[in-house]
Amino acid sequence: FRFTHAISRRPSASITDGLRAVDVGTPDLSLFERHHADYVAALRETGAEVVLLDPLEAYPDAVFVEDTALCLPEGAIIMRPGAPSRLGEAAEMAPHLRQLYREVREISGADAYIEGGDILTTEREILVGRSARTNAAGIAELQSLVADWGYQLREVITPEGVLHFKTDCSLLDGQTVLATERLAASGCFDGYAVIHTAPGEEAAANTIRFNDLVLMPAGFPQTRDRLVQAGYAVREIGNSEAAKLDGGMSCLSLRF
Ligand code: CIR
């Protein structure tokens, strides 16, 4: 959770066509832009260098850069998003990672699909949730690509009806995660300390610990209080527009 860099991409006007499981209204671009600017400012406030990429009109979901790559200290791995409309986003991200990393590898199997939102990297392992976007072939290829870097992959289950594994959890520090009760009940965090989101605030589970700050979506006061009481420096960021597209704090950046 200590990072020197992040990559983020400004939302495009085409965000109105972004994927969503349930239509709860069209995201408003100017409000999304304001929330995004607050998000980037918070990352920069921690001392990190944030590369801010231009909007990509051709890809309505391109603001959710996390799904295009997995960034590790040893190198970056370009993903193969399982949503057909998002597959091309990975190739758009690759040159930027090649500029910042000495080693960049790629998921390339034609039947392999995997999105960054399904991957939680902790200090001891990489958890990958199989989901509608991430399949067994994608997980197997990731395992083979990170094996020589010494990483242990563990496959976990993304709850039914939840977009990504990390929609329901986030890493708070070396041994602590924030998770919904429904996800923690699967036992995937046995051995970690778990802080649960408050009942009815499941949408608060996707936060990021970024250096000294925990960035969380605004509007979940009970979960915020739990984090503050546990000693975290919490920054609330407006997320109403990203949430209409099933997006949250982790989706909006790559961190390394
Ligand atoms: C999608 O359905 O792909 C986007 N509308 C939301 C992606 C959110 N990304 C993430 O959780 N890492």
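Located above this text is the structure these notes cover.
Residues numbered from 1 in each chain as written. Predicted model: local features only at pLDDT ≥ 70, side-chain atom pairs only at ≥ 80, totals over all residues. Heavy atoms only, no water.

### Describing the site of the ligand
Formally: For this purpose, a residue is taken to be near a molecule or strand whenever a single non-hydrogen atom of the residue falls within 4 Å of it. Two N or O atoms count as a polar contact when they lie within 3.5 Å, although within protein this holds only if one can serve as hydrogen donor and the other as acceptor, and sequence-adjacent residues are included solely when both atoms are side-chain atoms. For the area figures, the Shrake-Rupley method with a 1.4 Å probe applies, and any residue is considered shielded solely by the protein chains shown. Put simply, the grid is 1 Å and covers the protein atoms alone, a cavity is a trapped set of points that fit a 1.4 Å probe, a pocket is an open set with protein on both sides within 12 Å along at least five of seven lines, and lining residues have an atom within 4 Å of a point. By definition, a pocket or cavity contains a molecule when more than half of the molecule's atoms lie within 2 Å of the pocket's grid points. Each residue gets one of three labels, nonpolar for Ala, Val, Leu, Ile, Met, Phe, Trp, Tyr, Cys and Pro, charged for Asp, Glu, Lys and Arg, and polar for the others, Gly among them.
Near the ligand you find 14 residues, and of these D61, D67, R86, L245 and C251 are the closest. D67 is positioned with one of its side-chain polar atoms (N or O) 2.8 Å from a nitrogen atom of the ligand. In the complex, the protein chains occlude 98% of the 340 Å² of accessible area that the ligand would expose alone. In this structure, the ligand is accommodated by the largest pocket. For the shell around the ligand, a count of residues per class yields five nonpolar, three polar and six charged.

### Structural notes on the sheet that holds strand β2 (residues 49-53)
This is how it is decided: One bridge is not enough; two strands pair if DSSP finds at least two bridges between them. Numbered from the N terminus, helices here are DSSP runs of H or I no shorter than four residues, and strands are runs of E no shorter than two. In this description, contact between two residues means that some pair of their heavy atoms is separated by no more than 4.5 Å. Geometry is summarised by axes, namely lines fitted to C-alpha atoms with helices restricted to the contacting stretch, and by angles between N-to-C directions that run from 0 to 180 degrees.
The three strands are arranged β2-β1-β15 in an open sheet whose pairing can be described as mixed. Because the sheet does not close on itself, it has two edges, and the strands there are β2 and β15 (254-255). In the packing of helix α2 (residues 87-100) onto the sheet, the strands contacted are β1 (5-9), β2 and β15, and the crossing angle to β1 comes to about 160 degrees.

### Comments concerning the nonpolar core
Formally: Side-chain atoms within 4.5 Å link the members of a nonpolar core, which is a set of buried Ala, Val, Leu, Ile, Met, Phe, Trp, Tyr and Cys residues. The rule is simple: take the accessible area with a 1.4 Å probe, protein chains only, and divide by the maximum for that residue type; under 20% is buried, over 50% is exposed, in between is partly exposed.
If you look at the biggest cluster of nonpolar residues, it comprises 21 residues, and the most contacted ones within it are F32, Y39, L43, F64, I208 and L215. If you list the elements that add at least two residues to this core, you get α1 (29-45), β12 (208-210) and β13 (213-217). Counting residues per element, this core draws most heavily on α1, at five residues. For F32, the residues in contact, after removing those within four places along its chain, are P11, I15, P27, V63, F64, E241, A242 and L252.

### Quick look at α1
As a reminder of what qualifies: Take the number of residues in a helix, subtract one, and multiply by 1.5 Å to get its expected span.
In a regular helix each residue adds 1.5 Å, so 17 residues correspond to 24 Å; α1 covers 24 Å between its end C-alpha atoms and thus fits that length. With its phi angle positive at about 100 degrees, G47 sits one or two positions after the end of α1.

### Considering α2
Two residues of an α-helix separated by three or four positions point the same way, owing to the 3.6 residues in each turn. Formally: Note on bend: the value at a residue is the angle between axes fitted to the seven residues ending there and to the seven starting there.
Remark: the principal bend of α2, roughly 30 degrees, maps to A94, with a proline, P95, within the next four residues. Turning to α2, its buried residues are E89, A90, M93, A94 and L97. For α2, the secondary structure elements touched by its buried residues are β1, β2, β3 (69-72), β4 (75-78), β5 (104-106) and β15.

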